[in-house]
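# Secondary and tertiary structure notes
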Amino acid sequence: MASTAAVPFWRAAGMTYITYSNICANLVRNCLKEPLKAEALNREKVHFSLSKWAGGKPEKPILRSDTPGV
Amino acid sequence: MWAKAKNTRATKAREPQTYSIFIFKESQGSTLSLVSSHLQIFPRLQIAAMLRQASRLISRSVTAASSKSVTARAFSTELPSTIDSTFVESWKKVAPNMDPPRTPSSFMKPRPSTASSIPTKLTVNFVLPYASELSGKEVDMVIIPATTGQMGVLPGHVPTIAELKPGIMSVHEGTDIKKYFVSSGFAFLHANSVADIIAVEAVPLENIDASQVQKGLAEFTQKLASASTDLEKAEAQIGVEVHSAMNAALSG
């Protein structure tokens, strides 16, 4: 069974569905009227700290935060 | 660890069998990891062997008792929501002082069963990651923007899973029509006339700013023309699609 099903253009370009969906949502949020836009952009804020482990010890963490002062 | 397992297997021969039967019944595709977490003592090979024996016992008893839907798979909305009384009885014989284990389905509200005749109203659950827009609302029809085109959903619609594209979703209740612009998502239409629509972002049309849409459309059309890598082209194309859908929604 060859998987020759027609793939969406974003899948063919190497993008996953989640990335596609988040981009769509982001674009819609950018086109909202004020003040809803400010509230909506609040939803996109991300805060995470990621650390890789090597030899049983965590390395320097990568911190990505959109909330200032954290 | 291995010696301990052997001991417990010899002394409590009956108990583990009840456990494995319960787990097999609860979910048809029971995973070894689920079973292993319940019975920490037994290595996985033992559990696989027990599951195989349990399944043989079950299929024998089930075919003897009721052979109605052993081979046919029921829809998720048609599974019985009652507690299995034969299991509870056999549990009480083996462990009379313990309560029978609760299955995940006992924590859930039972789903409405599929009616024999088509119901008059469609129940819509429209949810977003941060809010529940419509919850259990009874409507006449919804039109959803599926990738295969605008799909009208009436009560009694054939069970479908539809991927949504950026577009307008309209909810029709009598003469009331409520329209939302949906960014993307999925729509699950069940046999019992319940529609679960999930979207990442959905806004009423009044909240969209037309000038921003035009600006975005021009910007992404220009990006599409000047894009070089596949990924850039894909992103620009998504931008063009979403903005032209919003444009059409505002003007149409």
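As recorded in an unreviewed UniProt entry, chain B goes by ATP synthase subunit delta', mitochondrial and comes from Brassica oleracea var. oleracea. In the Subcellular location (unreviewed entry) part of its UniProt record, chain B is described as follows: "Mitochondrion inner membrane". For the record of chain B, the UniProt heading Subunit (unreviewed entry) holds the text "F-type ATPases have 2 components, CF(1) - the catalytic core - and CF(0) - the membrane proton channel. CF(1) has five subunits: alpha(3), beta(3), gamma(1), delta(1), epsilon(1). CF(0) has three main subunits: a, b and c."

Under an unreviewed UniProt entry, chain A has the name ATP synthase subunit epsilon, mitochondrial and belongs to Brassica carinata. Word for word, the UniProt comment on chain A under Sequence similarities (unreviewed entry) is "Belongs to the eukaryotic ATPase epsilon family." Per UniProt, chain A has the following entry under Subcellular location (unreviewed entry): "Mitochondrion inner membrane".

### With respect to the nonpolar core
Counting 25 residues, the largest nonpolar core has M15 and Y20 of chain A together with F181, I208, I238, V242 and M246 of chain B as its most contacted members. Contributing elements (two or more residues each) for this core: α2 (17-30) of chain A together with α7 (210-226) and α8 (230-251) of chain B. Residue contacts for M15 of chain A: discarding those within four places in its chain leaves W10, Y20 and I23 of chain A together with L231, A234, E235 and I238 of chain B. In this structure, L122, I144, A146 and V171 of chain B belong to the second largest nonpolar core, which totals 23 residues.

### Some remarks on the interface of chain A and chain B
Between chain A and chain B, the residue contacts involve 21 residues of the former and 29 residues of the latter. With both sides pooled, the region where chain A packs onto chain B buries about 2200 Å², and carbon together with sulfur makes up 69% of that total. Among the residues chain A hides against chain B, the three largest losses belong to F9, V28 and C31 of chain A. Together they make up 26% of the total. At the boundary of chain A and chain B, one finds one salt bridge. Here R29 of chain A ties to E201 of chain B by a salt bridge, and the two come within 2.3 Å at their closest N and O atoms.

Here is what the cut-offs are and how they apply
- Residues numbered from 1 in each chain as written.
- Chains lettered and ligands numbered in written order.
- Predicted model: local features only at pLDDT ≥ 70, side-chain atom pairs only at ≥ 80, totals over all residues.
- Heavy atoms only, no water.
- UniProt positions renumbered as here; feature names shortened; annotations may be inferred.
- Core = buried A, V, L, I, M, F, W, Y, C linked by side-chain atoms within 4.5 Å.
- Buried < 20%, exposed > 50% of the residue type's maximum accessible area, 1.4 Å probe, protein only.
- Helix = DSSP H or I, 4+ residues; strand = E, 2+ residues; numbered from the N terminus.
- Contact = heavy atoms within 4.5 Å.
- Buried area = accessible area lost by both parts, 1.4 Å probe.
- Salt bridge = Lys/Arg side-chain N within 4 Å of Asp/Glu carboxyl O.

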